[in-house]
Each structure stands twice: as structure tokens, then as C-alpha cells.
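Next come the chains, spelled out residue by residue.
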Amino acid sequence: MAALCQQVAFTQAKPNVFAARKGQRSARVAVKVQAALAAENYITEVPESLLRPGIDDPNSMRGRFEKMIRGIQSQVCSAIEEVDGNTFRQDAWTRPGGGGGITRVMQEGNVWEKAGVAVSVVYGTMPAEAYRVAVGKDIPFDREDRVPFFAAGISSVMHPWNPHCPTMHFNYRYFETEDWKGIPGQWWFGGGTDITPNYIVEEDMKHFHGVYKAVCDRHDPTWYEKMKHDCDDYFTITHRGETRGLGGIIYEDLNDRDKEKIFAFATDAANHIVESYVPIIKKHKNDPYSPRQKEWQQIRRGRYTEFNLVYDRGTIFGLKTGGRIESILMSLPLTASWRYDYQVDPQGPEQKFLDAVRNPHAVNWV
């Protein structure tokens, strides 16, 4: 749900996705997702598709994107279970009129303190004024007019026990409006993968960023630098003057080229989640650590929580519009700490990490 909230909370279908973000965000209008307010119907057996039967074509982009993200959910969960030795709990539900979700969570495992992967398919309506802003056209409408939309997405956060193992987050999503008042339906993609270690291991960061630079280069050689820059900007904890972690890639409102090409890129990026992350966990999951290093991890978990509750657009929107709370807050760690006036050794590895998150654009991992 959080991934979809992030997609639908701020809609801006602009041809240049890498235009100045600040101006775009100030112009965006929150979308009230009526579907999020509908009662969930919990199910034990998940249907082959969460699309509306007999209405949505399974071979359309809606159907293909849902199939892709459900495959990624299974792929990622299988890889995590293999390393951890425990299995994910699954909650699934459908909603009247179509849509639903599948949330898989592992808590207090052997390697991960908390790991979650959630898929959602949402049907809803957005205010006509928000749609007018999104498409950039002066469309006449009545005050109560609403525009139907569809959104599908996958979102995940992994919080390991060991402070030498990084947290990882990803989400990939697709948004589409239906034809309305003679205006063809609009569409766009969003998503990305980012990493949040507690200590800098350059070899690990070169591996993670190298995987995603290779993905970007296969589709557009200019994308990695732009998407890394946007990722650092998005995950900034403004009141701390630092980023949440050490970045990755992020793209929003991407519709500046053929839909099939963007879908191919999203699929490629999602298919490299396991390769980018799991080898790092295998490398460090048994590393010894001191109480001080565990304490530092808890401080950084506090920063992670601050970002998600204060700045993350998907989380904020979900909480304000009656989304499924357990799925929205799945991203938060089980434990975190806020020690008063916490100081680090100015010559220690914690300070090296702080220098990196306070100057993210100065760091080039690949």
C-alpha cells in the first residue's frame, strides 16, 4: 500500500521526469483514494489476478505489471527465506469493485529483525482539479467531478539484526487514469531501490551501485547519474541535514518515452534486487559486533523512522487516507533509539558514515 500511496499522493504527468523536483512537488495535489477506505475482505487463497475480472485485460499493462510485481514478491521472499531459514507470514485481501493486496512479513528471524514485501492493486478516483494539474490542460469540470484511476505497486524494507548488514528498501509502481471528458487516459511509472548501511564498506557500495548503474546503462546511459542524484535528494532528512542512507536510484512520473521501454527498465531493475543486496548480507551476517556498534545501528534506525514518518510521501498519504495501517507501517524497524545529544568519535567509522550522508552528492561509488 505504501508504494501505491507514494505514486498516487502526488501526480504530475510531465514529459521531462528530471525537471526541477521542488517546483513539481509544490504543484502536486493530494489524491483521495476512495478504494483505500473500503473494507478489506481477507482471503486465504489469493486469486491469480487482483484485476477486475471481465473488465481488465490481463495482457494489458495493468495485467502485465501486476504479474511482474507478484513474481518479484515471490522471487525476493524466496531469496530472503533461503538466507534466513525462516518463512514469511502472508496476509491477503480483496476489495469490493476490484483490487486488493498481498503483504508478506518476517519478524525476528535469524538474519532479519524485520523484513516485509507488499503488493497492492488499487482502483480509485482522484479530484478533477488534481487531474487537471497532472495533465497540464485547462479542462472544464464540475466541482464534484472525479477521475477514475488504477495503480499497482510493490514495496519492501529489510532490517537485519547485524549492524554490519545494511537495510534495503525498494518500490516499483505503475499508475494509470481512464479516459475522461475526451482526454485520453494518462500513465506513468515510478520506483527505485536504495540501501541504508550503518558503516561504509566501499566494496559493498560499489557492488550495490554497480548493479544499478549496469541496469540503467542498458536502457539509458544518462539515467544512473540522474536517478542517483534524485534518490539522494528524496531521502534527505531535512531537519538533520543528512540522507537516510547511501542512496541508490529513484525515478518518478516517468512517461517520457515508449511505455514498453519503461516497463522493460522497471522489470530489469526489479529483477536485480536480489543480486544487488543478498550477497552483501551473506558476506556480513555472521560478522562479530560490539555493544557500541549495535547502539549505533539503533541510532540510525531512529533516523530511518524519522524520515519515514516525517517526510515519506507514501507513508504520510496512507496514514491520512485510511490505508491499511499494518502494510503502511511495515517499513518501520522493530527497534530504534533516540539517545539525547548522541556523539560519535570524530576519528571513528561512525563519523566517516556521517560525512557521507551529509555530503551525498560528493560521493561517487562507481
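Values in this document were obtained by computation on a predicted structure and should not be read as measured data.

Procedures and definitions
- Residues numbered from 1 in each chain as written.
- Predicted model: local features only at pLDDT ≥ 70, side-chain atom pairs only at ≥ 80, totals over all residues.
- Heavy atoms only, no water.
- Helix = DSSP H or I, 4+ residues; strand = E, 2+ residues; numbered from the N terminus.
- Buried < 20%, exposed > 50% of the residue type's maximum accessible area, 1.4 Å probe, protein only.
- Pairing = 2+ DSSP bridges.
- Axes fitted to C-alpha atoms, helices over the stretch in contact; angles between N-to-C directions.
- Contact = heavy atoms within 4.5 Å.
- Patch = residues over 30% accessible without salt bridge, like charges linked within 9 Å, V, L, I, M, F, W, Y side chains within 5 Å.
- Areas by Shrake-Rupley, 256 points an atom, 1.4 Å probe, with all protein chains shown as cover.
- Salt bridge = Lys/Arg side-chain N within 4 Å of Asp/Glu carboxyl O.
- Expected span 1.5 Å × (residues − 1).
- Polar contact = N/O pair within 3.5 Å; in protein donor to acceptor, adjacent residues only side chain to side chain.

Some thoughts on unusual backbone geometry
Of note, E108 is a non-glycine position whose phi angle comes to about 55 degrees, a positive value. Position of E108 among the secondary structure elements: in the loop between β3 (100-107) and β4 (112-127). Positive phi values are uncommon outside glycine, yet D341 reaches one of about 50 degrees. Among the secondary structure elements, D341 is positioned in the loop between α12 (325-328) and α13 (349-358). The exposure class assigned to D341 is exposed, which follows from its relative accessible area of 54%.

A word on the sheet that holds strand β2 (residues 89-94)
Spatially, β1-β2-β3-β4-β5-β6-β7-β10 is the arrangement adopted by the eight strands of the open sheet, whose pairing is antiparallel. Across the chains shown, the open sheet's two edge strands, defined by having one partner strand only, are β1 (41-43) and β10 (248-254). Averaged over all pairs of adjacent strands, the angle between their axes in this sheet comes to 15 degrees, without regard to strand direction. Helix-sheet contacts for helix α10 (residues 291-310) involve β4, β5 (146-160), β6 (167-177) and β7 (187-196), and the interaxial angle to β5 is about 175 degrees.

Notes on a nonpolar patch on the surface
A cluster of nonpolar residues, L309, V310, L319 and I325, forms a patch on the protein surface that exposes about 320 Å² of accessible area. Looking at the secondary structure, you find L309 in helix α10. For L309, a relative accessible area of 40% translates into the label partly exposed.

A word on helix α8 (residues 259-270)
Between its first and last C-alpha, α8 extends 16 Å over 12 residues, near the 16 Å set by a 1.5 Å rise per residue. Inspection of α8 places I262, F263, F265, A266, T267, D268, A269 and A270 among the buried residues, and these make up the whole buried set. At the N-terminal end of α8, a side-chain oxygen is found 3.0 Å from the backbone nitrogen of E260, two or three residues along, and the residue is D258.

Looking at the side chain of N255
Looking at the element boundaries, N255 is found in the loop between β10 and α8. At a separation of 3.4 Å, a polar atom in the side chain of N255 contacts the main-chain carbonyl oxygen of W187.

Comments concerning the pairing of β10
For β10, the buried fraction is high: seven of the seven residues fall into the buried class. Relative to β10, β7 is paired through five bridges, and the arrangement is antiparallel. The residue bridging F189 from the neighbouring strand is L254, located in β10.

Quick look at the pairing of β2
Regular strands place side chains that alternate from one sheet face to the opposite one. Alignment of β1 against β2, held across three bridges, turns out to be antiparallel. Its bridge partner being in β2, Y42 is matched across the sheet by W93. Where β2 lies against β3, six bridges are found, and the strand directions are antiparallel. Looking at the pairing, R89 lines up with V105 of β3. Counted between consecutive antiparallel strands, the loop separating β2 from β3 contains five residues, among which G97 sits at a positive phi close to 90 degrees.

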